[in-house]
Amino acid sequence: SARDIFELLYNKKILIEAKPFALGVRVEHPQSLIDKIQYHCDTRDAFLPPASYSLVEQVNDKGVFSFCMCPGGIIAPAATDPGELVVNGWSPSKRNNPFANSGMVVQVSQEDAFAATRQLQIAPDHPLLFMYFQKMIEQQAFRAGGGLFAAPAQRMTDFCERTLSATLPANSYLPGLHPADLAEVLPGFIYHTLAKGFKAFGKKMKGYYTEEAAVVATESRTSSPVRIPRDPDSLQHPQCHNLYPCGEGAGYAGGIVSAAMDGENVAAGIAEKLLRS
């Protein structure tokens, strides 16, 4: 959501850098199914928490992995600009929602992003290359959902067989899901990696690969697609005195806790500088 800052810095000729990230979908199962798989029993004991999972696989030399898994959670709209669609996940404190969702994302390289955005005529070394790639996929997802923030989706088995789902399973996404061919939304390398990854995950977690799961596009905010550089010692931008890039938006963290720790380090650096002056 820091795109306005990235564009401001770029237009002012202040140094920024393209940063590889990961993009994919949200996958949602019934929580009872994940409990059954993980606890190896038909009914979760009342004293056991809703089960979670963490999955990673190498497919065609690309990493596909779970991200921000939300047991007893909810898929929510998270777009920051008109005409774009982003989904994210969260869990209420009691984790008592009947669904479990997780981001399932694929690594995106500079070559991947350049090939996918070729029609936009963006140079491969453009510092905003990954941001424009991200934006393009979010716009495609919005159109595929039919507008009004309905999210394009398929049953997991239909996704892997590239079949338009006649119906979609019950889900937590309140704006609603819209049946769509996600192979038309996602770049080919992401679609094919996910399709093979889901089947591989089904072998690791028996029952994970199922028509009861919904694949929802698109999860595209795993981390910042841009890094604002900083000096490793002073933590200031190399061109701009007293500009201290930090946290997720600047490309130095990948979650709430790591962003807080990075902010604390930068604050300590600023305090040390002021005490010396």
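Keep in mind that what you see is a predicted model, and the values were worked out from it rather than measured.

1. Observations concerning the packing of helix 1 (residues 3-11) against helix 4 (residues 129-145)
The contact between helix 1 and helix 4 brings their axes to 12 Å, and the two run at 140°. Accordingly, the angle class assigned to the pair helix 1 and helix 4 is oblique. The element helix 1 and its partner helix 4 pack so that their crossing is left-handed. Taking contact as the criterion, the partners of R3, F6 and E7 in helix 1 are, on helix 4, M131, Q134, K135 and E138. Within the contact of helix 1 with helix 4, the residues separate by chemical class into two nonpolar, one polar and four charged.

2. Looking at the pairing of strand 8 (residues 151-155)
Within strand 8, five of the five residues are buried, which leaves it mostly tucked inside the rest of the structure. Two elements, strand 8 and strand 9 (residues 177-179), share three bridges in a ladder whose sense is parallel. The residue of strand 9 that forms the bridge with A153 is P179. Sheet topology places strand 8 next to strand 10 (residues 214-219); three bridges connect them, and they run antiparallel. Following the sheet pairing, Q154 is matched in strand 10 by V215.

Criteria and thresholds
- The residue numbering used here restarts from 1 in each chain and proceeds along that chain's sequence as written.
- Only residues with pLDDT of at least 70 are given local features in this predicted model, and only at 80 or more are side-chain atom pairs given and counted; all residues enter the totals for whole chains, interfaces and linings.
- Here the side-chain values reflect all heavy atoms present in the structure, with hydrogen atoms and water set aside.
- For every element, the axis is a line fit to its C-alpha atoms; helices are fit only across the contacting stretch, and the angle between N-to-C directions ranges from 0 to 180 degrees.
- Here a helix means four or more residues in a row that DSSP labels H or I, a strand means two or more in a row labelled E, and each is numbered from the N terminus.
- Orientation is classified from the angle alone, with under 35 degrees giving roughly parallel, over 145 giving roughly antiparallel, 65 to 115 giving roughly perpendicular, and any other angle giving oblique.
- By definition, turning the near helix anticlockwise from the far helix through less than a right angle yields a left-handed crossing, and turning it clockwise yields a right-handed one.
- What makes two residues a contact is simply this: any of their non-hydrogen atoms within 4.5 Å.
- Note that Gly is not counted as nonpolar here; it falls among the polar residues with everything else outside the nonpolar set of Ala, Val, Leu, Ile, Met, Phe, Trp, Tyr, Cys and Pro and the charged set of Asp, Glu, Lys and Arg.
- Each residue's exposure class comes from its accessible area (1.4 Å probe, protein chains only) as a fraction of the maximum for that residue type: buried when under 20%, exposed when over 50%, partly exposed otherwise.
- We call two strands paired when DSSP finds no fewer than two bridges between them.

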